[in-house]
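# Fold and contact review
Spelled out from the first residue to the last, the chains are:
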Amino acid sequence: MSEAVKTPVLETKKLGITFGGLKAVQDFNIRIYQGELVGLIGPNGAGKTTVFNLLTGVYVPTEGTVLLNGVPLNGKKPHQFVAAGVARTFQNIRLFKQMSVIDNVKAAFTKDISYNLLDATLRTPKFWKTEKEMTEKAMDLLAICHLEDKADILASSLPYGQQRKLEIARALATDMKVLLLDEPAAGMNPTETAELLECINTIRDRFGVAILLIEHDMSLVMNVCERIQVIDYGQTIASGLPEEIANNPKVIAAYLGE
Amino acid sequence: MKQNKTMQGYLLNTVVIVVLFAAFQMLTAAYGGSGSFKLVIAPCLWQCCYLIILAASLNLVLGFLGQLSLGHCGFMAIGAYTAALLSLACERSEVFKNANDPVYLVIIFACILAAGVLSALVGLLVGIPALRLKGDYLAIITLGFGMIIVNIINNLPFCGQDGLALGSASASLYKNGLGFGSKSKVTFLWVALLTTIVCMTMMFMFIRSKYGRCIRAIRDDEIAASASGINTSFYKVMTFAYSAFFAGVAGALYACANATLSTSSFAFTNGGILNSTFIVVMVVLGGMGSLTGSVVAAVVMFLVNYQIKNGAWVALLPASVQGVFQYPMLVYAILLIIIIVFRPKGIFGAYEFSLRNLPADLKASRARKAAEKAERKEAGAHV
């Protein structure tokens, strides 16, 4: 394996954040390589979502750095993190509810659209060309998540499972290198979870992106993740292959109590 | 395929607008001389024009961007004074001789444009700090900025202090320049109409582009918007400035339509139709997120306001009701409450009128009503 020399897509070095006196996350180190699917698990309140917020620029870390393809992202705003290639979904679904499904996806193309206000006002050929391309690309992404026939309905009228998928489709539209999924299977029934799994696999095969997954559904995590990192009270307590994690006494203690 | 249809729609709209505009010009030419047209209809149309632009421009911020701004009249004041002072300066330096001078037309449009641009600049300056806040805080700070703007204008020496008025020291403004008399109001009515059409088109194009998508995304969920790569602060400030531009244009039209200009007409305490909260009422009434709604609501609110003040029927009402009409704001408040109770999303919700889609929309609405009726019938049968 040449992984030793390859730069990881996403890497954190001694990442930490304190809120007042509370050390929410400390000394968090993770490396994710291209095409890898890594799971991040931990009991409730362990700091998983805080890690996501640090990785997407929502929180500014009090120590440590986030590197994307070896380039530090210090001091950047969330939308600049996205432009650099980090996309995410949210634990509690955050869609643009009053917009159509396709507009939800197209909104995420904004940073790639180069026409200006004048083009938009005068409806120049450049405007039409860009809009047409964006519609086609958006339909493509919706097709991956099996939403192509719902393109024109309001996002809020989609059933729960499809809203989750639309959120993933929207994240895909940002043309990212790393995809962070915050509990994508939460509240889903087994059929929906299976569909989601298929969707995640398609994404990985087609885009070759690295995926970091927070999940409580252990069977999902154990099945799909190649590596797992476990945190508790903001600190990494274990990391390794799924079977190692499943048998790690520290992890069992964290989940079940001593 | 879809694009061709959109093109057809644009073509249809353009043709209809041109035809209506031509028909209107012919009507004005035919009846423009009559007293009632000159004294009632033409001034009313002027007012409607600037109220429409004003309501629609606030809708960009309130309905599409989802930020409550209560300082819109401040931008309108900037526009009004810019246009008035510019035309005054042009007249004093004798750029044009009289209203028949072809240069005069250029100057009118230049004044309107300058009013918009200056408003937009101030909008930019106000927006950069103000839009860091949200909700009530933003409402309060924009309210404050609106008052500050009006007060500054009031204290600028070259703004005529207590108003630019016919006969006052600073007011050769209204001899030939903007501030049309009743005859010019008819002659130049097309300027107001054309400006309104252009402004509405610009706003519509803005909404139906990446900008519209962006700002609606920000309205629905700002965190998700920035997680989708949208530079939220940029688009917020930009929309705020863009909206201020149109408020400025509306102000310029206001300056044209009025023989006097006084800062008290833009003040927050103004009980008349020009009041930042009044414009908010128009937007909410028409539907936040529907430019069509803003147009209709502006006209409706104007008519209500006009009828309360001038309607012959008011005299027939009992004295107590007439007393309420002394304070038009009470009437608007009641109107607003009725709308909120029965149609919480405003008259139009987020619906946009479209000639091409009209048959389909009507059909859908009829089908929906029939379905509702059937449902009610069924529910009734079960009871």
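These numbers come from a predicted model, not from an experiment.

Our next topic: the pairing of strand β7 (residues 178-182) of chain A. All names here are of chain A. By the criterion of burial, β7 is predominantly enclosed, with 5 of the 5 residues buried. Burial of β7 is two-sided: the residues V178, L180 and D182 facing one way and the residues L179 and L181 facing the other way are all buried. Pairing between strand β6 (residues 86-88) and β7: 3 bridges, direction parallel. If you follow R88 over to β7, its bridge partner there is L180. Across 5 bridges, the pairing between β7 and strand β8 (residues 210-214) is parallel. Within β8, the residue paired with L179 across the bridge is I211. With respect to chirality, the unit in which β7 leads through helix α7 (residues 190-207) into the neighbouring parallel β8 is right-handed.

Attention now goes to the interface of chain A and chain B. Counting residues at the interface gives 27 residues for chain A and 22 residues for chain B. For the side of chain A that touches chain B, the elements supplying multiple residues, two or more each, are α2 (78-84), α3 (101-107), α4 (117-122) and α5 (125-144) of chain A. For the side of chain A that touches chain B, the element with the most residues is α2 of chain A, which contributes 4 residues. Partitioned by chemical class, the residues of the side of chain A that touches chain B number 12 nonpolar, 6 polar and 9 charged.

This part takes up the packing of helix α4 (residues 102-130) of chain B against helix α5 (residues 135-155) of chain B. Residue and element names in this part refer to chain B. Axis separation between α4 and α5 bottoms out at 11 Å; the angle between their running directions is 145°. In this structure, the crossing between α4 and α5 has a hand that is right-handed. Each of V122, V126 and A130 in α4 lies in contact with α5, whose residues at this interface are L138, I141, T142, F145 and I149. Here the residues of the contact of α4 with α5 sort into 7 nonpolar, 1 polar and no charged.

A separate point is the environment of Y33 of chain A. Residues and elements named next belong to chain A. The residue Y33 is located in the loop between β2 (22-32) and β3 (37-41) in this model. Residue classification places Y33 among the partly exposed positions, given that 17 C-beta atoms sit within 10 Å. C-alpha of Y33 to C-alpha of K76: the two residues are 43 residues apart in sequence and 22 Å apart in space.

Moving on to the nonpolar core. In a soluble, globular protein the nonpolar side chains are often hidden away together inside. Within the largest apolar cluster, 185 residues are counted, with the highest numbers of intra-cluster contacts made by V178 of chain A together with A55 and L253 of chain B. Residues in contact with A55 of chain B, not counting those within four places in the same chain, are I279, M282, V283, G286, S294, A297 and A298 of chain B.

Attention now goes to the packing of helix α2 (residues 35-64) of chain B against helix α11 (residues 232-257) of chain B. A packed helix pair is summarised by two numbers, namely the angle formed by the two axes and the spacing between the axes. All names here are of chain B. Packing of α2 against α11 brings their axes to within 8 Å, and their N-to-C directions diverge by 170°. The orientation of α2 with respect to α11, classified from their angle, is roughly antiparallel. Mapping the contact onto sequence places P43, W46, Q47, C49, Y50, I53, L54, A56, S57, L58, L60 and V61 in α2 and T239, F240, Y242, S243, F246, A247, V249, A250, L253, Y254 and A257 in α11. Residue composition of the contact of α2 with α11, grouped by class: 19 nonpolar, 4 polar and no charged.

About the cut-offs
Residues numbered from 1 in each chain as written. Chains lettered and ligands numbered in written order. Predicted model: local features only at pLDDT ≥ 70, side-chain atom pairs only at ≥ 80, totals over all residues. Buried ≥ 20, exposed ≤ 12 C-beta atoms within 10 Å, placed from the backbone. Helix = DSSP H or I, 4+ residues; strand = E, 2+ residues; numbered from the N terminus. Pairing = 2+ DSSP bridges. Right-handed = clockwise from strand over helix to strand, strands pointing away. Contact = placed C-beta atoms within 7 Å. Nonpolar A, V, L, I, M, F, W, Y, C, P; charged D, E, K, R; others polar. Axes fitted to C-alpha atoms, helices over the stretch in contact; angles between N-to-C directions. Left-handed = near helix turned anticlockwise from the far one by under 90°. Core = buried A, V, L, I, M, F, W, Y, C linked by C-beta atoms within 7 Å. Parallel < 35°, antiparallel > 145°, perpendicular 65-115°, else oblique.

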